[in-house]
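Residue-level structure breakdown
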Protein chains: 2
Amino acid sequence: MATLLVLFRRPQDTAAFERHYREVHLPLARKIPGLRSLRVDRTVGGDPALREYHLVSRLEFDSLEALRAALRSPEGQAAGNDLAQFARDGYKILQLEPLPGVDAAP
Amino acid sequence: MATLLVLFRRPQDTAAFERHYREVHLPLARKIPGLRSLRVDRTVGGDPALREYHLVSRLEFDSLEALRAALRSPEGQAAGNDLAQFARDGYKILQLEPLPGVDAAP
């Protein structure tokens, strides 16, 4: 598994931002080929340095290759273009791969 | 579900850091009451601003209340004390809750 982690900076208008996220961005993101799961969370606590981020989304793919191919796909580009439009207050992305030697089980 | 996201700053000695994470910190973290799943990933790409983080761990709990109770528990405190010792290069924490109105399904 590989994960695309997207941290969205706290927007000026939270309600409008969340509405666009749900109604426009999410349907685009769900079309991305190879997407295995998608979660979106709000930050509700933590270090002030990271509380500048309002939403955190996690997109899972079978592998890092699948993740990177997904970003290059037309559907990935469409989702990325929407991101650049609506997340004007900024966002940051991380690509993650499991640390070797650690079971996913709790 | 609620998530504790821990971002570990890139350590000076990556191999020693990962060894301590696997051999000492993970067994402590897995004793935390109410923990439903634990994943640990390495950053392998993304924005330079976030590439200062080397590892990202995700601990899942049934609810935000369960997460916060877990942090206050003796096992949570023990894991936190170990964190303060070995993650001397720094770490940041976020507490996350699902954005209402979004299905977890892909």
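My aim in this report is to walk through the structure given alongside it, one point at a time.

Turning to the relation of the copies chain B and chain A, a few remarks are in order. Least-squares fitting of chain B to chain A yields an RMSD of 0.0 Å, with the transformation described by 0.0 Å of translation along the axis and a rotation of 180°. A rotation of that kind, with that shift, is consistent with a two-fold axis. Counting the interface residues of chain B, we find that 100% of their copies in chain A are interface residues as well, pointing to one common contact surface.

Attention shifts here to the environment of His54 of chain B. Residue and element names in this part refer to chain B. Looking at the element boundaries, His54 is found in strand β3 (residues 53–61). With a relative accessible area of 5%, His54 lands in the buried category. Along the chain, His54 and Arg10 lie 44 residues apart, while their C-alpha atoms are 4.5 Å from each other. The residues contacting His54, other than those within four sequence positions of it, are Phe8, Arg9, Arg10, Pro11, Thr14, Phe17, Glu18, Asp41, Arg42 and Thr43.

Where side chains of opposite charge bring their charged atoms close, a pairing between them can arise. All names here are of chain A. For the structure shown, the criterion picks out 14 salt bridges over all chains. Arg42 serves as the salt-bridge partner of Glu18, at 2.8 Å between the closest nitrogen and oxygen. Here Glu18, found in helix α1 (residues 14–29), pairs with Arg42, found in strand β2 (residues 37–46); they are 24 residues apart in sequence, far enough to count as distant. With a relative accessible area of 6%, Glu18 lands in the buried category.

Residue and element names in this part refer to chain B. Between helix α1 (residues 14–29) and helix α3 (residues 74–86), whose axes approach to 9 Å, the crossing angle comes to 165°. The angle between α1 and α3 places the two elements in the roughly antiparallel class. Judged by the sense of rotation from one axis to the other, the crossing of α1 with α3 is right-handed. Between α1, through Phe17, His20, Tyr21, Val24, His25, Leu28 and Ala29, and α3, the contact on the second element is made entirely by Ala78, Ala79, Asp82, Leu83 and Phe86. Partitioned by chemical class, the residues of the contact of α1 with α3 number nine nonpolar, two polar and one charged.

Looking at the largest pocket, its volume works out to about 250 Å³. Lining the largest pocket are 16 residues, with Leu4, Leu71, Gly80, Leu83 and Ile93 of chain A sitting closest to its centre. Secondary-structure elements contributing two or more residues to the lining of the largest pocket are β1 (2–9), α1, β3 (53–61), α4 (74–86) and β4 (91–98) of chain A. Of the residues forming the lining of the largest pocket, the biggest block, four residues, is contributed by α4 of chain A. Contributing to the lining of the second largest pocket are 15 residues, with Leu4, His25, Ile32, Ala79 and Leu83 of chain B lying nearest its centre. For the lining of the second largest pocket, the secondary-structure elements that each account for two or more residues are β1 (2–9), α1, β3 and α3 of chain B. Here the lining of the second largest pocket takes four residues from α3 of chain B, the largest share from any one element. Looking at the lining of the second largest pocket, its residues break down into 11 nonpolar, four polar and no charged.

Attention now moves to the interface of chain B and chain A. Tallying the contact residues gives 48 residues for chain B and 48 residues for chain A. Taking both partners together, chain B and chain A bury about 3900 Å²; carbon and sulfur atoms supply 61% of that area. For the pair chain B and chain A, the number of links is four salt bridges. Of the charged contacts in the structure, one is a salt bridge between Glu60 of chain B and Arg39 of chain A, with a shortest N-O distance of 3.0 Å. Between the two partners, chain B and chain A, sit 20 residue pairs in polar contact (both at pLDDT 80 or more). When contributions to the side of chain B that touches chain A are tallied by element, the ones reaching two or more residues are β1, α1, β2 (37–46), β3, α2 (64–72) and β4 (91–98) of chain B. The greatest single-element share of the side of chain B that touches chain A, amounting to 10 residues, is contributed by β2 of chain B. Classifying every residue of the side of chain B that touches chain A gives 26 nonpolar, seven polar and 15 charged. Bridge count between β2 of chain A and β4 of chain B: five bridges; the pairing is antiparallel. Looking across to β4 of chain B, one finds that Arg42 of chain A is bridged to Glu97 of chain B.

Rules of the game
Residues numbered from 1 in each chain as written. Chains lettered and ligands numbered in written order. Predicted model: local features only at pLDDT ≥ 70, side-chain atom pairs only at ≥ 80, totals over all residues. Heavy atoms only, no water. Least-squares fit on C-alpha atoms with pLDDT ≥ 70 in both. Contact = heavy atoms within 4.5 Å. Helix = DSSP H or I, 4+ residues; strand = E, 2+ residues; numbered from the N terminus. Buried < 20%, exposed > 50% of the residue type's maximum accessible area, 1.4 Å probe, protein only. Salt bridge = Lys/Arg side-chain N within 4 Å of Asp/Glu carboxyl O. Axes fitted to C-alpha atoms, helices over the stretch in contact; angles between N-to-C directions. Parallel < 35°, antiparallel > 145°, perpendicular 65-115°, else oblique. Left-handed = near helix turned anticlockwise from the far one by under 90°. Nonpolar A, V, L, I, M, F, W, Y, C, P; charged D, E, K, R; others polar. 1 Å grid on protein atoms, 1.4 Å probe; cavity = no way out; pocket = protein on both sides within 12 Å on 5 of 7 lines; lining within 4 Å. Points joined across faces, edges and corners; volume = space filled by probe spheres on them. Buried area = accessible area lost by both parts, 1.4 Å probe. Polar contact = N/O pair within 3.5 Å; in protein donor to acceptor, adjacent residues only side chain to side chain. Pairing = 2+ DSSP bridges.

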